[in-house]
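# Fold and contact review
Spelled out from the first residue to the last, the chains are:
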Amino acid sequence: MMEFKVVLLMLVAAVGVADSADYVRPPPRKTLSFPWSKRPSSEPEQVHISLAGDKHMRITWVTNDRNSPSIVEYGASSMNYTFSAQGASTRYSYLMYTSGNIHNVVIGPLEDNTLYFYRCGGKDPEFQLKTPPSQFPVTFAVAGDLGQTEWTKSTLDHIDQCKYDVHMLPGDLSYADYIQRKWDTFGKLVQPLASARPWMVTQGNHEKEVIPLLVDSFKSYNSRWKMPYEESGSSSNLYYSFDVAGAHIIMLGSYTDYDQYSDQYTWLKADLSKVDRKRTPWLLVLFHVPWYNSNHAHQGEADDMKEAMEPLLHAAGADVVFTGHVHAYERSKRVYNGKSDSCGTVHITIGDGGNREGLAHGYINPQPEWSLFREASFGHGELKIVNSTHAFWSWHRNDDDEPVRSDQVWLTSLSATECLNQKDRELRKILSAP
């Protein structure tokens, strides 16, 4: 009851306004229900995997048995576990809720582009995972602001139909919003996909769940979704980086300090100074609140972060930025400092995964010159990096449960142009600044 009162006091719902697209959308869908089912307390649930440094994978799961071991057995054939690894478990309390044991085990070294079979805690069921390739081509599925609605399930079903190597999520996962059992139901909802391919996530506003003097921000998120921040030299789970094939991906935090004197900014400078565009010719960035947004929703919310960090990402030659927060889809031209720039970054807002708050229908007119495509519909995106110079991006509208490629474009990496040579002095100047 106490938890419910907190929700009533602190929850804020975002509501979209008038629609500007020609596409006729299906009606809103209900929040999914998850009937209780009796399970052995030691049975692993909410299984998801994430990259954990070179050739390693983190396996995360939850049990209600506090004595269940944090062990993963794995091998290259079904029921033949030739390797095992041990980790640790933790749990957290949030008001009157106490989580199950959250287990984290890092396995590896693993072969690239290989199917592995594994089980958690010495218990069935058996799961399968596939490691990403070490070379191009590589495909990323991208969807933000997921939630737990029937639209969410439709989005996940469509993602399951595509052949991808890594899922990237730019914030707003469960929409638990203080109701902690919804973290549990979200974990169960995404398990079929998240246990098979690495899910790399960053935080959104719905992960904050702060209660002044009682609960720190991001307590649930940090406990349940541990990302490779330590492996990438970060001091916070809210920002980190990783490599996949020939791409370097940076996950930033919209809701932690980002000014030029912050730990995040200092870490970002150090991370970018290590990037070798000959080894990783593609540079991708994800965070939650968009810098370029022609939707009426959330206008100006990221202006301060943009002012602080855009010069650094521009100097580094970031190819694509993926964001969420706005419950719609939008793709920009290459842009910098509010204007089209052939050496700038493509910004893609993809906060249309299926959240319960609905779509953000209203767009600013006339459409800004930097905005190429925009539509308020649920869906997901796929980025297939074909080689060191070219990638194919497509956005797939759910469209009444039929996957439709509604927007598509070939992208050329800035590493294949003269832009990086032009920016080298600019980058060195920013990196050398105190």
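Please read these numbers as outputs of a predicted model, since none were measured by experiment. Position numbers for residues start from 1 in each chain and track the written sequence from start to end. Predicted model: local features are reported for residues with pLDDT of at least 70 only, side-chain atom pairs are reported and counted for 80 or more only, and whole-chain, interface and lining totals are derived from all residues. With hydrogens and water stripped out, all remaining heavy atoms of the structure feed into the side-chain values.

## Re the environment of Glu 382
Selection rule: Going along the chain from the N terminus, every DSSP run of H or I of four or more residues is numbered as a helix, and every run of E of two or more is numbered as a strand. Exposed residues in this analysis have more than 50% of their type's maximum accessible area, buried residues have under 20%, and partly exposed residues fall in between, with area computed by a 1.4 Å probe over protein chains only. Any two residues whose heavy atoms approach within 4.5 Å at even a single point are treated as in contact. In protein, a polar contact means a hydrogen-donor-capable atom and an acceptor-capable atom, both N or O and within 3.5 Å, with residues adjacent in sequence counting only if both atoms are side-chain atoms; elsewhere, any N or O pair within 3.5 Å suffices.
Of note, Glu 382 is situated in strand β22 (residues 379-385). Under the relative-accessibility criterion, Glu 382 is labelled buried at 16%. With 141 residues separating them along the chain, Glu 382 and Ser 241 place their C-alpha atoms 20 Å apart. Leaving out residues up to four positions away in the same chain, Glu 382 has contacts with Phe 140, Cys 162, Phe 392, Trp 393, Ser 394 and His 396. Of note is the side chain of Glu 382, whose polar atom sits 2.9 Å from the side chain of His 380.

## Side note on the side chain of Asp 145
Note the threshold: None of His or the chain ends enter the tally, which takes Lys and Arg as positive and Asp and Glu as negative. We define a salt bridge as a contact between a side-chain nitrogen of Lys or Arg and a carboxyl oxygen of Asp or Glu at a distance within 4 Å.
Relative to the helices and strands, Asp 145 resides in the loop between β11 (138-142) and α2 (150-161). An unpaired buried charge is present at Asp 145: no salt bridge exists, and Arg 356, the closest side chain of opposite charge, is 10 Å distant. Filtering out sequence-adjacent residues up to four positions away, Asp 145 remains in contact with Leu 169, Gly 171, Asp 172, Tyr 175, His 288, Gly 324, His 325, His 327, Gly 351, Gly 353, Gly 354 and Asn 355.

## Considerations on the pairing of strand β10 (residues 123-130)
Heads up, the rule is: Two strands pair under a simple rule: DSSP has to find at least two bridges between them.
Bridge count between strand β9 (residues 115-120) and β10: five bridges; the pairing is antiparallel. By the bridge assignment, Cys 120 is partnered in β10 with Lys 123. A loop of two residues connects β9 with β10, the two strands running antiparallel in sequence, and Gly 121 in this loop sits at a positive phi of about 65°.

## Comments concerning the environment of Lys 188
Checked against the element boundaries, Lys 188 lands in helix α3 (residues 181-194). Taking the C-alpha atoms as reference, Lys 188 lies 37 Å from Ala 270; in sequence the two are 82 residues apart. Each residue touching Lys 188, except ones within four places of it in the same chain, is listed here: Glu 45 and Gln 46.

## Overview of the sheet that holds strand β3 (residues 71-75)
As a reminder of what qualifies: Orientation is described by lines fitted to C-alpha atoms, with helices fitted over the stretch in contact, and by angles between N-to-C directions that extend from 0 to 180 degrees.
One open sheet holds the four strands; their spatial order is β4-β3-β9-β10, and the pairing between them is antiparallel. If you trace the sheet from one side to the other, it starts and ends with β4 (83-86) and β10, each paired once. Sheet twist, expressed as the mean angle between neighbouring strand axes with direction ignored, is 25°. Note that β3 and β4 share four bridges and pair antiparallel. From the neighbouring strand, Tyr 74 faces β4, where its bridge partner is Phe 83.

## Section: the nonpolar core
Counted only if it meets this: The set of buried Ala, Val, Leu, Ile, Met, Phe, Trp, Tyr and Cys residues whose side-chain atoms join them within 4.5 Å is what this entry labels a nonpolar core.
In this structure, Ile 59 and Phe 140 are the most contacted members of the largest nonpolar core, which totals 106 residues. For Phe 140, the contacting residues outside a window of four places in its chain are Val 166, Met 168, Val 244, Ala 247, Ile 249, Leu 284, Gly 381, Glu 382, Leu 383 and Ile 385. Grouped together as the second largest cluster of nonpolar side chains are eight residues, Val 326, Ala 328, Tyr 363 and Ala 376 included.

## Digging into helix α6 (residues 303-316)
The criterion, for reference: To estimate the expected span of a helix, subtract one from its residue number and multiply by 1.5 Å.
Taking 1.5 Å of rise per residue, 14 residues should cover 20 Å, and α6 covers 20 Å from first to last C-alpha, within 8% of that figure. Residues of α6 that are buried sit in contact with α5 (263-273), β16 (282-286), β18 (329-336) and α7 (419-432).

## Section: the packing of aromatic side chains
The condition that has to hold: Aromatic pairs are defined between Phe, Tyr and Trp rings, using the six-membered ring for Trp, whenever the two ring centres lie within 6.5 Å; interplanar angles under 30 degrees are classed as stacked, those over 60 as edge-to-face, and all others as tilted.
By the definition in use, this model includes 17 aromatic pairs. Aromatic side chains Tyr 239 and Trp 267 sit 5.6 Å apart centroid to centroid with 50° between the ring planes, which places their arrangement in the tilted category. Taken as a pair, Tyr 239 in the loop between α4 (219-224) and β14 (240-244) and Trp 267 in helix α5 lie far apart in primary sequence, 28 residues in all. There is no split in this pair, since Tyr 239 and Trp 267 are both buried. Ring pairs connect the aromatic residues Tyr 74, Phe 83 and Tyr 116, which therefore count as one cluster.

## Details of the side chain of Asp 184
For Asp 184, the location among the structural elements is in helix α3. We classify Asp 184 as buried; its relative accessible area is 15%. At a separation of 3.0 Å, a polar atom in the side chain of Asp 184 contacts the side chain of Gln 46. Side chain to side chain, Asp 184 and Arg 224 meet in a polar contact 3.1 Å long.

## A word on the state of the cysteines
Our working definition: We call a pair of cysteine sulfur atoms a disulfide whenever their separation is within 2.5 Å.
According to the stated counting rule, one finds one disulfide in the structure shown. Disulfide partner of Cys 343: Cys 419, at an S-S distance of 2.0 Å. Here the disulfide of Cys 343 and Cys 419 is left-handed, its torsion about the S-S bond being about -75°. In this pair, Cys 343 is assigned in the loop between β19 (339-340) and β20 (345-350) and Cys 419 in helix α7, connecting sequence segments 76 residues apart. For the pair Cys 343 and Cys 419, one class covers both residues: buried.

## Section: the sheet that holds strand β5 (residues 88-90)
Pairing is antiparallel across the open sheet formed by four strands, whose spatial order is β1-β2-β8-β5. Edge strands, defined here as strands with exactly one partner in the open sheet, are β1 (45-51) and β5. Across the sheet, the mean angle from the axis of one strand to that of its neighbour is 20°, orientation sign disregarded.

## Observations regarding the confidence of the model for the protein chain
Rules: Values of pLDDT, the confidence the predictor places in each residue, fall between 0 and 100.
On average, residues of the protein chain score 91 in pLDDT, and 91% of them are at 70 or above. Taken as a whole, residues 1-26 scores under 50 in pLDDT and shows 48 contacts with residues more than four places along the chain or in a different chain.

## Some details on unusual backbone geometry
Cis peptide bonds are those with omega within 30 degrees of zero, and the linkage from Gly 108 to Pro 109 qualifies with 5°. For Pro 109, the position within the fold is in the loop between β8 (101-107) and β9. Cis rather than trans, the peptide bond between Asn 365 and Pro 366 has omega equal to 0°. Mapped onto the elements of the fold, Pro 366 is located in the loop between β20 and β21 (371-375). Positive phi, close to 50°, is recorded for Asn 113, a residue that is not glycine. Within the secondary structure, Asn 113 is located in the loop between β8 and β9. Backbone geometry at Asp 172 places phi at a positive 65°, although glycine is not the residue there. As for its position among the elements, Asp 172 is in the loop between β12 (166-169) and α3. Its relative accessible area of 1% is what places Asp 172 among the buried residues.

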